[in-house]
Amino acid sequence: MRKQIVAGNWKMNNNYDEGLKLVSEVVNMAKDELGPDVYLVLAAPFIHQKAISQLLSTGENIYLGAQNCHEKENGAYTGEVSVAMLSSVGTEYVIIGHSERREYFQETNEQLAKKVDLVLSGKLTPIFCCGEPLEVREHGDPYKHVENQIEESLFHLSAEDIKKTVIAYEPIWAIGTGKTATSDQAQYMHAAIRNCLSKKYGQEVAGEISILYGGSCKPSNAKELFSCEDVDGGLIGGASLNARDFIDIAKSF
Ligand code: 13P
């Protein structure tokens, strides 16, 4: 059975102390309120990684994530952070190809393919983001757009490696806008993604890959979204900055 995952993407929020306070709150609430079937991922800024890794203990089902990594192993890339560096402080998940990185840092599908490779070879789990902008939703073919992102960045992977990858569908028009995809829109796209994976890797492999929804997901709409057959959890931005909201979303399965 595929994993149910709720991942919090803090983006560029929380100073050091605020971040650690949020983690303690999440850990305490999760202990009291969450069952063993939900995996939480906290994708914090780089400055928090080491300290959070020391706060989390094994067996809690709460994992540490980063929001990006560089596509080279090491070298003269001022300001960048490598997979090996992340691994050395206990990071276990890395978000790859968030639409904000694609837009503001011009990350390409080809570059993201290299990042996914490095993350997997470092034995970390990539959370690969895909999703269409508003113009494509309204005037183009959103399914083709997303399939193309997946084909160009993930289809070189072996079946073993694709099974280790988490996919997050984040329609760009729903990110930080308060405008959520309806559960029908989400289910339709998630099923299309699984179908596309199935054509390449077979139904059994596609059935094991967790596909998360992201974009204005909050406690009030998580239950409906998570009840969709092909929605295996969420990648949460704004609402992950509040422990109560984040845990309430994780209780929505
Ligand atoms: P919001 O939940 O703030 O819309 O952000 C979604 C997102 O981009 C998560 O990666």
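Note: the structure precedes this text.
Please read these numbers as outputs of a predicted model, since none were measured by experiment.

## Concerning the overall build of the protein
Item 1. On a plain count of helices and strands, the protein comes out with 12 helices and 8 strands.
Item 2. The C-alpha atoms of the protein give 17 Å as radius of gyration, which agrees with the globular expectation for 253 residues (18 Å, within 12%).
Item 3. The principal-axis extents of the C-alpha atoms in the protein amount to approximately 45 × 45 × 35 Å.
Item 4. Put simply, the protein has 253 residues, and 53% of those count as buried.
Item 5. Across the protein, contacts joining residues at least 24 apart in sequence account for 71% of those joining residues at least 6 apart.
Item 6. Carbon and sulfur atoms make up 49% of the accessible area of the protein, which amounts to about 11,700 Å² in all.
Item 7. In the protein, 24 positive and 35 negative side-chain charges are present, and the distance between their average locations comes to 2 Å.

## Topic: the site of the ligand
Item 1. Looking at the ligand, the residues that line it are Asn9, Lys11, His98, Glu170, Ala174, Ile175, Gly176, Gly215, Ser216, Leu235, Gly237 and Gly238.
Item 2. Note that an oxygen atom of the ligand is positioned 2.9 Å from one of the side-chain N or O atoms of Glu170.
Item 3. Separating an oxygen atom of the ligand from a backbone N or O atom of Gly176 is a distance of 2.7 Å.
Item 4. Taken by itself the ligand offers 310 Å² of open surface, and the protein chains cover 94% of this.

## So, the side chain of Gln67
Item 1. As for its placement among the helices and strands, Gln67 is situated in the loop between β3 (62-66) and α3 (83-88).
Item 2. A distance of 3.2 Å separates a polar side-chain atom of Gln67 from the backbone oxygen of Lys11.
Item 3. Setting aside residues no more than four positions away along its own chain, Gln67 makes contact with Asn9, Trp10, Lys11, Met12, Ala43, Ala44, Pro45, Ile95 and Arg101.

## Considering empty space enclosed by the protein
Item 1. A full pass over the atoms with the stated rule returns 1 cavity of 30 Å³ or more.
Item 2. By volume, the largest cavity amounts to about 40 Å³.
Item 3. Those elements giving two or more residues to the lining of the largest cavity turn out to be α4 (99-104) and β5 (125-130).
Item 4. For the lining of the largest cavity, the residue count by class is 3 nonpolar, 5 polar and 2 charged.

## Regarding helix α11 (residues 219-226)
Count 3.6 residues to each turn of an α-helix, and residues three or four apart come out pointing the same way.
Item 1. Listed in full, the buried residues belonging to α11 are Asn221, Ala222, Leu225 and Phe226. The arc that holds the buried residues of α11, viewed along the axis, is 130°, so those residues lie on one side. For α11, the exposed residues set more than 90 degrees away from the buried face come down to Ser220, Lys223 and Glu224.
Item 2. For α11, the elements touching its buried residues are β1 (4-9), α9 (183-201), β7 (211-214), β8 (233-236) and α12 (243-250).

## Observations regarding the layout of surface pockets
Item 1. In this structure, the largest pocket spans a volume of roughly 490 Å³.
Item 2. The wall of the largest pocket is formed by 18 residues, among which Lys11, Met12, Gln67, Arg101 and Phe105 lie closest to the centre.
Item 3. Top contributing element to the lining of the largest pocket by residue count: α4, with 3 residues.
Item 4. Class assignment for the residues of the lining of the largest pocket results in 9 nonpolar, 5 polar and 4 charged.

## A short note on helix α5 (residues 109-121)
Item 1. The first and last C-alpha atoms of α5 sit 18 Å apart over 13 residues, in line with the 18 Å expected at 1.5 Å per residue.
Item 2. Buried residues of α5: Asn109, Leu112, Ala113, Lys115, Val116, Leu118, Val119 and Leu120, and no others.
Item 3. Against the buried residues of α5 lie α3, β4 (93-96), α4, β5, α7 (142-154) and α8 (159-163).
Item 4. Trailing α5 by a residue or two, Lys123 shows a phi angle of about 65°, which is positive.

## Overview of the packing of helix α1 (residues 16-33) against α12
Item 1. At their nearest, the axes of α1 and α12 sit 9 Å apart, and the two run at 35° to each other. For the pair α1 and α12, the sense of crossing is right-handed. Where α1 approaches α12, its residues Leu22, Glu25, Val26, Met29, Ala30 and Glu33 are matched on the opposing element by Ala243, Arg244, Phe246 and Ile247.
Item 2. Its residues assigned to classes, the contact of α1 with α12 comprises 7 nonpolar, no polar and 3 charged.

The rules we used
Residues numbered from 1 in each chain as written. Predicted model: local features only at pLDDT ≥ 70, side-chain atom pairs only at ≥ 80, totals over all residues. Heavy atoms only, no water. Helix = DSSP H or I, 4+ residues; strand = E, 2+ residues; numbered from the N terminus. Rg over C-alpha atoms; globule rule 2.2 N^0.38 Å. Buried < 20%, exposed > 50% of the residue type's maximum accessible area, 1.4 Å probe, protein only. Contact = heavy atoms within 4.5 Å. Areas by Shrake-Rupley, 256 points an atom, 1.4 Å probe, with all protein chains shown as cover. Lys, Arg positive; Asp, Glu negative; His and termini not counted. Charge placed at Lys NZ, Arg CZ, Asp CG, Glu CD. Near = heavy atom within 4 Å. Polar contact = N/O pair within 3.5 Å; in protein donor to acceptor, adjacent residues only side chain to side chain. 1 Å grid on protein atoms, 1.4 Å probe; cavity = no way out; pocket = protein on both sides within 12 Å on 5 of 7 lines; lining within 4 Å. Points joined across faces, edges and corners; volume = space filled by probe spheres on them. Nonpolar A, V, L, I, M, F, W, Y, C, P; charged D, E, K, R; others polar. Arc of directions from axis to C-beta. Expected span 1.5 Å × (residues − 1). Axes fitted to C-alpha atoms, helices over the stretch in contact; angles between N-to-C directions. Left-handed = near helix turned anticlockwise from the far one by under 90°.

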